[in-house]
Amino acid sequence: MVLVFGTATADAQQKRFPKPPACPEGGQWRGTFSGEYEAGMFRDSYYNYFGRGCFRSEAQCKQWLYDVRSVVTFLLETRANCVRR
């Protein structure tokens, strides 16, 4: 029997959102994510998350969006996109 487990980033394993990179002059892609999730012992508290960062490639931007979604299960995503600057 072989068990295969997916790998998550260290941030996702520790329930911390990945910090997006600051926007330098060279960043070609801007990623934005905002959403609402529930937390707490009885899942009775609602929290909002907003993050924005600049990335050198679309692939890096989409990876960051994936990493953000891996931390918690969002009830509502109001914005999740990567656009060229």
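It should be noted that the structure appears before, not after, this text.
Visitor: For this particular structure, what's the right way to read the sheet that holds strand β1 (residues 29-39)?
Guide: Within a sheet, adjacent strands bond to each other through the backbone by hydrogen bonds, running parallel or antiparallel. Ordered in space as β2-β1-β3, the three strands form an open sheet in which the pairing is antiparallel. Only two strands of the sheet have a single partner each, and these edge strands are β2 (45-55) and β3 (74-84). The sheet shows a mean angle of 10 degrees between the axes of neighbouring strands, direction not considered. Bridging between β1 and β3 involves nine bridges; their strand directions are antiparallel. From the neighbouring strand, Tyr 37 faces β3, where its bridge partner is Phe 74.

Visitor: What exactly am I supposed to notice about the nonpolar core here?
Guide: Generally speaking, a soluble globular protein has its nonpolar side chains buried in company with each other. Within the largest apolar cluster, 13 residues are counted, with the highest numbers of intra-cluster contacts made by Phe 33, Tyr 49, Trp 64, Val 68 and Phe 74. Looking at this core, the element that brings in the most residues is helix α2 (residues 58-71), giving five residues. In this view, Phe 33 contacts Tyr 49, Phe 50, Gly 51, Trp 64, Leu 65, Val 68, Arg 69, Phe 74, Glu 77, Arg 79 and Ala 80; residues no more than four positions away in its chain are not counted.

Visitor: Looking at this model, I keep getting lost on a nonpolar patch on the surface. Mind explaining?
Guide: A contiguous nonpolar surface patch, about 320 Å² in accessible area, is contributed by Tyr 46, Leu 75 and Leu 76. If you trace the backbone, Tyr 46 turns up in strand β2.

Visitor: Is there a simple way to explain the environment of Ser 57 in this structure?
Guide: In this fold, Ser 57 is placed in the loop between β2 and α2. Separated by 28 residues in the primary sequence, Ser 57 and Trp 29 have C-alpha atoms spaced 6.2 Å apart.

Visitor: Please explain the pattern of salt bridges as it appears in this structure.
Guide: If the charged atoms of two oppositely charged side chains come close together, the side chains can form a pair. As enumerated under the stated definition, the model contains two salt bridges in all. Across the pair Glu 58 and Lys 62 runs a salt bridge whose closest N-O atoms are separated by 3.3 Å. Residue Glu 58 and its partner Lys 62 are both found in helix α2; the two are separated by four residues, about one turn of the helix. Classification of Glu 58 as partly exposed rests on a relative accessible area of 33%. The class for Lys 62 is partly exposed, based on a relative accessible area of 49%. Put simply, Arg 69 and Glu 77 hold a salt bridge, and the shortest N to O gap is 3.1 Å. The class of Arg 69 is partly exposed, set by a relative accessible area of 37%.

Thresholds applied
Residues numbered from 1 in each chain as written. Predicted model: local features only at pLDDT ≥ 70, side-chain atom pairs only at ≥ 80, totals over all residues. Heavy atoms only, no water. Pairing = 2+ DSSP bridges. Helix = DSSP H or I, 4+ residues; strand = E, 2+ residues; numbered from the N terminus. Axes fitted to C-alpha atoms, helices over the stretch in contact; angles between N-to-C directions. Core = buried A, V, L, I, M, F, W, Y, C linked by side-chain atoms within 4.5 Å. Buried < 20%, exposed > 50% of the residue type's maximum accessible area, 1.4 Å probe, protein only. Contact = heavy atoms within 4.5 Å. Patch = residues over 30% accessible without salt bridge, like charges linked within 9 Å, V, L, I, M, F, W, Y side chains within 5 Å. Areas by Shrake-Rupley, 256 points an atom, 1.4 Å probe, with all protein chains shown as cover. Salt bridge = Lys/Arg side-chain N within 4 Å of Asp/Glu carboxyl O.

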